[in-house]
Each structure stands twice: as structure tokens, then as C-alpha cells.
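Listed below are the residues making up each chain.
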Amino acid sequence: MSIDEYNGSAIVAMTGKDCVAIATDTRFGVQRTTITTDFERVHKMGPTLYVAMSGLVTDAYTVAARLKYRLNLYELRENRPVNPKVFVSMVSNLLYERRFGPYFSTPVVAGLDPTSGKPFIAGFDCIGDPTIGTDFVTDGTSGEQLMGMCEAFWRPDLNKDELFEAISQSLLNAQDRDSYAGWGAQVYIIEKDKVTKKILKARKD
Amino acid sequence: MDFCIGIRGNDFVLLCEDMNAAQSIMLHKQDHEKMLDLNDHLLMTRTGNLGDGVQCAEFLQKNIQLYQIRNGYEMRSSAAAHYIRKYLADTLRSREPLEVNLLLGAYDVISNTPQLYYMDYLGSMATAPFCAHGYGAMFATSILDMYYHPGISVDEAIGILNKCIKELKKRLIINFSKFNVKVVDKDGIHKLPTISVEDGIHTH
């Protein structure tokens, strides 16, 4: 039993044309037992910046809370929403502080640059190594399955509806091959002026 | 070896726990109350290590009451839940991790909503319409999946509870003789009659 597989999760972020999408499963389980099926993994960090946390649920919460704390102070000092690249550095710094006793949770960042509106996605490892993605970023116990699905469905310059279809199908089919993730899905489509949250019906096993 | 269960209705949260106080093979007491009122609208039950449980529960109770003394108003249920979660998460990576799983039943008087929080010893937290801890949880959650519906009444919840207890008596190797039942609603915390397995379990 690996600590990364104690709770289980499936997280994916994809870029489109002037939009990004981030999607997660909604299972909260403790090893083989499922506790709830409507667990929120996505946290809002800014009007067009969202973070989803994979891995151990207690650390996912702690990291998200500490990140929001630092972000709030940043935005109070700077008086503007944070740039995603700067946010990635913030996440990286927070995780590396625990280099020799890490948080067993990795964030996936999805957002739009507040000024230019350019799509931005990033993934990390548990000690903060950032990977700024150009097409898609996946994480969780279904990470590998998601990689394969995304490779098949993603293409450049998807509009928001095509992006929604691509990310939804990638997530639903990948999580069906993972017993620790599933029981529902949430998809956030982030555009310059609005964010749409859609809840998908998935296989309930 | 303990068991606790929580069921949330439209305007109440029902919490039930076994009343065994056991360590390894020795059963010290069969009428031990573990549930604790953290404040007027916050009820907490637990499973796990007996000593850690008492330490955790009393520490949290006193701090939540201190908040009330300092500020003049009750700590809100979601604030209390997050505070308790942080306490568990902080102790996890300290010298003395606490081996306690909690269920928190609360009634938020400001928004008039009942809330049930599931917390495990690592500090994971989730809200749920029903949940349980312990070996008994494996049986109870399946029964609740079948019979629970949103907006159940207290009587229906007790009926489902009795079904769970009947199942535990039949299929769980651990012998529980008594169950402590309490309800949180807008008027506070009320103790319901103890369910005693010897006196018969009434399923309705």
C-alpha cells in the first residue's frame, strides 16, 4: 500500500483556444472503502485560476489552505490577481519547504493569464518540481490512464465545447480503469469572462 | 474495535456509538460514553485509541468553549470542523500523532442547516449525509445506502440505526451490548434512549 494510493484521485487539466479546463473525479475513499461520492478536489484561487489537489486528502486540504493563505497575502500586497507563472513558483516554494518530510499531495494548476488571457496549466511532483504543460497535465492514481486518453482526444485550439468533450471523455474513461477513482466527475471550463462548472454522471463503482 | 455512525436529516444530525471500553482482549466497561458535547450545537463521537480519544475530545471541547468565552458567541460548526481537522493534521506529523477517528454532528444556527463531518486520524475531512467508523462501518454504510433518503425524520433514522445494529449483532464478530444515541438540532443536543441489544432491537 503506497501512501499515494491511500485515498485515490483522478485529475486532468487541458488547454484550449482562449480557455482551459480542469476536471477531477469525486470519490473520497479510504483504501478500498468509499466514504463519500461528492468530494470537491478543485479549489478556486482567483477569478480565472483553479487548483486541484491529488493524493492524500489531509495533505491536499493543508496545501490548498496554506496556498490560499499565501495567495491572499500576495494579492493584498500587490492589489491585483496573481499571474499563473508566479503562482507556480509559490506552489513550488511551499512544497519544497517540506523537502525531507513532504506533503503526499500534488497540485494541478489551470488558469488564464489575467492580462493576456493566455491559457496556462501546470503539474508538480510532491516536492514542488513544476511542469508547465502545453497541451494537458494529468495526476492522481489514474495519471497514466489519463495520459493515454488525453493523447488520443486532445488537439490544438479546441473551442470550449470541444474542450469540454475531450476532457470529459478522457476523465470518464480513464477513471473507469482505476478502482480508486471515479464515482462522478466535475469539470470546470475557465474562460476569460466566465467559469462553468459541470457535474458528470459516471460509473458508480 | 469501536463503532460510530452518523445520519443527517433535514433539521437534525443523529450520532450513535457503541458503549464498549476495551483494550486488546479486555472489555473494561460496557456502558462507557465517548460522545462529547463540544458546544451547544456541536456533538462529537469517536473511535480509536481510548486515551488519545479522551485527550483529543477534552482539548477540543475546552478550546471551543474558550472561543465562546473570549468572543461572546458560539464557534460556528464549519469553523469548529476546520479547527478540529487542523488539530488532527498538526498532530499527525508531530511527536504524538493521535489515533482517533471522529464524527462531528452539528447544527449551524445561523444558516439553519445540519452538518455531519467525517474525519479520520490523518485529518481528512468530508461532509456526508451519513457515515460511520470502525469495522461496523462496512455493514452500516451498505444498509444506509439502501434505506437512507434525504429529509428522513428522527424516527426513520432510528429505524435505520436499529437495522444496522441488528446486522452487526448477526454478522460482526465483535459483541456490542449497548449503543449511545444523541441528536443535535436547533434546540441543542438531546440524549435518546440507549439501544440495548439484550432488550431487543426494534426495526420499524
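Before any of the text, the structure's been laid out above.
Computed from a predicted structure; not experimentally measured.

*Asks:* Explain the packing of helix α1 (residues 57-78) of chain A against helix α2 (residues 84-96) of chain A to me, using residue names and the numbers behind them.
*Replies:* Residues and elements named next belong to chain A. Viewed as axis vectors pointing N to C, α1 and α2 meet at an angle of 130°, and their least axial separation amounts to 11 Å. Regarding the angle of α1 to α2, the classification is oblique. Both α1 and α2 take part in a crossing whose hand is right-handed. On α2, the residues touching V63, R66, L67, R70, L71 and Y74 of α1 are V86, F87, M90, V91, N93, L94 and L95. Broken down by class, the residue content of the contact of α1 with α2 amounts to 10 nonpolar, 1 polar and 2 charged.

*Asks:* Before we move on, can you summarise unusual backbone geometry with the specific residues and values?
*Replies:* Residues and elements named next belong to chain A. For Q31, which is not glycine, the phi torsion reads 50° and is therefore positive. With respect to the element layout, Q31 can be found in the loop between β3 (28-30) and β4 (33-36). Classification of Q31 as partly exposed rests on a relative accessible area of 30%.

*Asks:* Tell me about helix α4 (residues 154-171) of chain B, and please be specific about residues and values.
*Replies:* All names here are of chain B. Between the first and last C-alpha of α4 there are 25 Å, a value that for 18 residues agrees with the 26 Å anticipated at 1.5 Å per step. Within the span of α4, buried status applies to A157, I158, G159, I160, L161, N162, C164, I165 and L168. Among the structural elements, β1 (3-8), β2 (12-18), α3 (136-147), β11 (178-185) and β12 (188-196) are those in contact with the buried residues of α4.

*Asks:* Residues and numbers for the nonpolar core, please.
*Replies:* Membership of the largest hydrophobic core comes to 30 residues, with the highest contact counts inside it found for B:F3, B:I5, B:L14, B:L144, B:L161 and B:F179. Secondary-structure elements contributing two or more residues to this core are β1, β2, β10 (130-134), α3, α4 and β11 of chain B. Looking at which element gives the most residues to this core, the answer is α4(B), with 7 residues. Within the second largest apolar cluster, 24 residues are counted, among which are A:L146, A:L163, A:I167 and A:L200.

*Asks:* I'd like to hear about the pairing of strand β11 (residues 185-191) of chain A, residue by residue, with values.
*Replies:* Residues and elements named next belong to chain A. Most of β11 is tucked away: 7 of the 7 residues are buried. On β11, burial covers both faces: A185, V187, I189 and E191 on one face and Q186, Y188 and I190 on the other are all buried. Here 7 bridges tie strand β2 (residues 19-25) to β11, and the two strands are oriented antiparallel to one another. The partner of C19 across the bridge, within β11, is E191. In this sheet, strand β12 (residues 195-200) lies alongside β11 in antiparallel orientation, the contact comprising 6 bridges. Along β12, the bridge assignment pairs V187 with K198. If you look at the hairpin formed by β11 and β12, you'll find 3 residues sitting between the two strands.

What counts, and where the lines are drawn
- Residues numbered from 1 in each chain as written.
- Chains lettered and ligands numbered in written order.
- Predicted model: local features only at pLDDT ≥ 70, side-chain atom pairs only at ≥ 80, totals over all residues.
- Heavy atoms only, no water.
- Axes fitted to C-alpha atoms, helices over the stretch in contact; angles between N-to-C directions.
- Helix = DSSP H or I, 4+ residues; strand = E, 2+ residues; numbered from the N terminus.
- Parallel < 35°, antiparallel > 145°, perpendicular 65-115°, else oblique.
- Left-handed = near helix turned anticlockwise from the far one by under 90°.
- Contact = heavy atoms within 4.5 Å.
- Nonpolar A, V, L, I, M, F, W, Y, C, P; charged D, E, K, R; others polar.
- Buried < 20%, exposed > 50% of the residue type's maximum accessible area, 1.4 Å probe, protein only.
- Expected span 1.5 Å × (residues − 1).
- Core = buried A, V, L, I, M, F, W, Y, C linked by side-chain atoms within 4.5 Å.
- Pairing = 2+ DSSP bridges.

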